[in-house]
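Architecture at a glance
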Amino acid sequence: MKISLKQYQRFEKQIILKKIGISGQRKIISANVLVAGIGGLGCPLITYLAAAGVGKIGILDFDKIELSNLNRQTLFSTSDLGKFKVNQAKKYIKQINKKVKVVSFNKKLTSKNIENILKKFDIICDGTDNYKTRYLINDFCVKNKKILVTAAISKFDGHLMKFNFKKKGPCYRCFMPEIPTKENNCQTEGIFSPTAGIMGSLQANEVLKTILHFKDFLNNHILIFDSLKINFKKIKIAINPKCINKC
C-alpha cells in the first residue's frame, strides 16, 4: 500500500515515531475494527480510531440520542437529539477522516445476527452497557478466535480487559462466570464523564497497539481505574476450569 503525500502530512506525527513509521501507518490504514456501543466509551474510542487512520470502522448501536447522553457522549450535541447514534456517528467519523470506510449497524445485537455482523472484523471493541450483550460478544469472539477489547464504566470507576483468542487463555466468563443480579452501569449508577473519556481512550490505545503488533502488556489482564484516587491496578485473569467456553 502506497502512502500518499497528503496521508503522510496528515499522519506525520505518528509516522515520525520510530515504533510506527510508514510501515506502521500502512497497518493502521489496512485495519478493520468493530465498535459495539456508541456511548461514553464508544465516542472517544471512535474518535481516536478515525483520527489515527483506521481504514474500516464498524459501528453498532440501536439507540437514539437522548439529552442525558450529552455529559459524556462527545460525538453528539443538542441538535442530534432523537436521531440514531449510528447515523450521527458515521457523519462525525467522515468529518474527522473521510477516507475511513464506515459500516454501520443500526440494530440490537442478538444470537441470530452476531455472526453476520462480527465475522467481518478482526478486532472487536465492546463498550455495551449490559452483561447479556457482553457475554454474547465474548462467546462469539472465543469461538471465532477474534481479538476482544472490552471496557466498562460506572460512577468514578472503570475497567479494561483485552483477550487475544488466537492464543489459549481466559475469557470474560473466566473473570465473571455468571451474570450479576444487578446491572452496574451509567444508567443505574451514574457516571463521572472524564472516566468515560479516559477508559474509551485506553480502549483505542490497546486497539492501535494490537494493530501495530506492539508488545502486549494487557492481554489476559484487567486494568482497574479509580478516577478519584487517580489509581490504576492491573490484575491477571486466570483460566477458570469450569468456564463453559472450555478456555
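Residues numbered from 1 in each chain as written. Predicted model: local features only at pLDDT ≥ 70, side-chain atom pairs only at ≥ 80, totals over all residues. Heavy atoms only, no water.

1. A few points about the pairing of strand β8 (residues 231–236)
Bridge analysis of strand β7 (residues 221–226) against β8 gives 6 bridges, and the strand direction is antiparallel. Bridging from a neighbouring strand, L223 pairs with K234 of β8. Where β7 hands over to β8, the hairpin turn is made up of 4 residues, of which I230 adopts a positive phi near 50°. (Pairing = 2+ DSSP bridges. Helix = DSSP H or I, 4+ residues; strand = E, 2+ residues; numbered from the N terminus.)

2. Description of the environment of V100
You can see V100 is positioned in the loop between α5 (85–96) and β3 (101–105). We classify V100 as buried; its relative accessible area is 1%. Considered as a pair, V100 and G53 are 47 residues apart in the sequence and their alpha carbons are 7.1 Å apart. Residues contacting V100, with those up to four places away along its chain left out, are A50, V54, G55, I57, I93 and K94. (Buried < 20%, exposed > 50% of the residue type's maximum accessible area, 1.4 Å probe, protein only. Contact = heavy atoms within 4.5 Å.)

3. Focus on a positive patch on the surface
Judged by side-chain charge, K6, R10, K98 and K99 come together as a positively charged surface patch. Position of R10 relative to the elements: it lies in helix α1 (residues 5–10). (Patch = residues over 30% accessible without salt bridge, like charges linked within 9 Å, V, L, I, M, F, W, Y side chains within 5 Å. Areas by Shrake-Rupley, 256 points an atom, 1.4 Å probe, with all protein chains shown as cover. Salt bridge = Lys/Arg side-chain N within 4 Å of Asp/Glu carboxyl O. Lys, Arg positive; Asp, Glu negative; His and termini not counted. Charge placed at Lys NZ, Arg CZ, Asp CG, Glu CD.)

4. Considerations on the nonpolar core
Formed by 43 residues in total, the largest nonpolar core has its most connected members in I38, L49, V54, I59 and I211. For this core, the elements supplying multiple residues, two or more each, are β1 (32–36), α4 (42–52), β2 (56–60), α5, β4 (123–126), β5 (147–154), α10 (193–211) and β7. The element contributing the most residues to this core is α10, with 7 residues. The contact partners of I59, leaving out residues within four places of it in the chain, are L34, V35, I38, I46, V86, A89, K90, I93, V102, V103, S104 and F105. A36, L118, F121 and M176 belong to the second-largest nonpolar core, a separate cluster that totals 28 residues. (Core = buried A, V, L, I, M, F, W, Y, C linked by side-chain atoms within 4.5 Å.)

5. Topic: a nonpolar patch on the surface
A cluster of nonpolar side chains, contributed by L5, Y8 and I16, occupies part of the molecular surface with about 310 Å² of accessible area. Tracing the sequence through the fold places I16 in the loop between α2 (12–15) and α3 (21–30). On the basis of relative accessibility, which here comes to 52%, the residue I16 falls in the exposed class.

6. Comments concerning helix α7 (residues 131–144)
For α7, spanning 14 residues, the distance from its first C-alpha to its last is 20 Å, which sits close to the expected 20 Å at 1.5 Å a residue. In terms of burial, α7 is largely enclosed, as 10 of its 14 residues are buried. Three or more residues of α7 are buried, namely Y131, T133, R134, Y135, I137, N138, D139, F140, C141 and V142. Considering only its buried residues, α7 is in contact with β1, α6 (114–118), β4, β5 and α8 (172–175). A positive phi of about 55° marks K145, the residue just after α7. (Expected span 1.5 Å × (residues − 1).)

7. Topic: the packing of aromatic side chains
As enumerated under the stated definition, the model contains 6 aromatic pairs in all. For the ring pair F105 and F121, a centre distance of 6.4 Å and an interplane angle of 80° mean the geometry is edge-to-face. Taken together, the residues span a long stretch of sequence, with F105 in strand β3 and F121 in the loop between α6 and β4 at a distance of 16 residues. Of the two residues examined, F105 and F121, each falls in the buried class. Among the aromatic residues, those joined into a cluster by ring pairs are Y135, Y172 and F175. Positioned over the ring face of F121 is K56, at 4.9 Å from the centre of the ring. A cation over an aromatic ring shows up here: R134 above the ring of Y131, its NZ or CZ 4.8 Å from the ring centre. (Phe/Tyr/Trp six-rings, centres within 6.5 Å; stacked < 30°, edge-to-face > 60°. Lys NZ or Arg CZ within 6 Å of the ring centre and 35° of its normal.)

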